[in-house]
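Spelled out, the chains give:
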Amino acid sequence: MVTKKPNRTRVQNKRATRKKKQTLPQLKKKLWRIFSEYIRIKDSNSKGSIKCITCESVYHWKDPKGRMQCGHFFPKKGFPSLYYNETNTAPQCSYCNGVLEGAQYAYSLYIKERYGQEVLDSLYKKTIDYRKWKLQDPKKNVYRWNRDWLETKIAYYQEELCKEKKKRNIKC
């Protein structure tokens, strides 16, 4: 005897075919992967080599051992509002970024030289504003990420990364 599968209703079919939304942590991780790669590739030369902004050691932007990273001047854990800020991030070797915790003095000299004192002051001001925001309401101890903002930034940095790769004849 052959048993028939029950007919699916229209609603059940829609649910089955609906694309599952990514969670905010998944979107944040995806954006970080794309953003980090973009920061490293945009300053690389035609051969893909890039200097650490703090110690000047040279590695390939996509080093298989992970020796070149995207470092933060103000740490991402302490200042989540500066997590994806291009002036707060730059290529650093894993030693400077990890062991030396960003080599802050050399990093500040880099920002001052590349962008100017005004940008460095602006970054400091953003950290002060964030601290004030946190102090006003101690219950606001978590920075809230917005889905639309994350998705917009993912699209933007995917496009920028693709442009940089095309300049270097790398497939997107």
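The following refers to the structure shown. (Residues numbered from 1 in each chain as written. Predicted model: local features only at pLDDT ≥ 70, side-chain atom pairs only at ≥ 80, totals over all residues. Heavy atoms only, no water.)

**Let's talk about the nonpolar core**
Most often, soluble globular proteins keep nonpolar side chains buried together rather than apart. Counted only if it meets this: As used in this record, nonpolar core signifies buried Ala, Val, Leu, Ile, Met, Phe, Trp, Tyr and Cys residues forming a set joined through side-chain atoms within 4.5 Å. Relative accessible area decides the class of each residue, using a 1.4 Å probe on protein chains only: under 20% of the type maximum gives buried, over 50% gives exposed, and in between gives partly exposed. Here a strand is any run of E in DSSP of at least two residues, a helix any run of H or I of at least four, and the numbering for each starts at the N terminus. What makes two residues a contact is simply this: any of their non-hydrogen atoms within 4.5 Å.
The biggest cluster of nonpolar side chains holds 22 residues, and the ones touching the most others in it are Leu31, Trp32, Phe35, Tyr84, Leu150 and Tyr157. Elements supplying a minimum of two residues to this core: α2 (24-42), β3 (68-72) and α6 (147-167). Non-local contacts of Leu150, meaning those with residues more than four positions away in its chain, are made with Leu24, Leu27, Lys28, Leu31, Tyr84 and Trp145. Counting 12 residues, the second largest nonpolar core, distinct from the first, contains Phe73, Phe74, Leu82 and Tyr110.

**Considerations on the state of the cysteines**
Definition in use: When two cysteine sulfur atoms are found within 2.5 Å, that pair is recorded as a disulfide.
Enumeration according to the criterion identifies 1 disulfide in this entry. With a sulfur-sulfur separation of 1.9 Å, Cys162 is cross-linked through a disulfide to Cys172. Across the disulfide from Cys162 to Cys172, rotation about the S-S bond amounts to roughly 135°, and the bridge is consequently right-handed. In this pair, Cys162 is assigned in helix α6 and Cys172 in the segment after α6, connecting sequence segments 10 residues apart.

**A short note on helix α4 (residues 104-115)**
Keep this limit in mind: How far a helix is expected to stretch is found by multiplying one less than its residue total by 1.5 Å. Comment: arc refers to directions from the helix axis out to C-beta atoms.
Between its first and last C-alpha atoms α4 spans 16 Å; for 12 residues at 1.5 Å apiece the expected length is 16 Å, and the two agree. For α4, the full list of buried residues reads Tyr107, Ser108, Tyr110 and Ile111. Buried residues of α4 fall within an arc of 160° about the axis and therefore sit on the same side. Opposite the buried face of α4, by more than 90 degrees, sit the exposed residues Tyr105 and Glu113. Following α4 by one or two positions, Gly116 has its phi on the positive side, about 105°.

**Brief notes about the packing of α2 against α6**
To keep it simple, the criterion reads: Here, axes are lines fitted to C-alpha atoms. For helices the fit covers the stretch in contact, and angles between N-to-C directions go from 0 to 180 degrees. Working definition: roughly parallel below 35 degrees, roughly antiparallel above 145 degrees, roughly perpendicular at 65 to 115 degrees, and oblique for all remaining angles. Put simply, a crossing is left-handed when the front helix is turned counterclockwise from the back one by less than a right angle, and right-handed when it is turned clockwise. Under the grouping applied here, Gly and all other residues not named as nonpolar or charged are polar, the nonpolar ones being Ala, Val, Leu, Ile, Met, Phe, Trp, Tyr, Cys and Pro and the charged ones Asp, Glu, Lys and Arg.
Put simply, α2 and α6 touch, their axes get as near as 9 Å, and they point 30° apart. Here α2 is positioned roughly parallel relative to α6, judged by the angle of their axes. The element α2 and its partner α6 pack so that their crossing is left-handed. Packed against α2, whose contacting residues are Leu24, Leu27, Lys28, Lys30, Leu31, Ile34, Phe35, Glu37, Tyr38, Ile41 and Lys42, the element α6 presents Arg147, Trp149, Leu150, Glu151, Lys153, Ile154, Tyr157, Gln158, Glu160, Leu161, Glu164 and Lys165 at the interface. Taken together, the residues that form the contact of α2 with α6 break down as 12 nonpolar, 1 polar and 10 charged.

**Quick notes on the environment of Tyr107**
The residue Tyr107 is located in helix α4 in this model. Under the relative-accessibility criterion, Tyr107 is labelled buried at 0%. Considered as a pair, Tyr107 and Gly71 are 36 residues apart in the sequence and their alpha carbons are 9.4 Å apart. Leaving out residues up to four positions away in the same chain, Tyr107 has contacts with Ile53, Thr54, Gly71, His72, Phe73, Asn88, Thr89, Ala90, Gln92 and Gly102.

Keep in mind that these numbers describe shape and distance, not what the molecule does.
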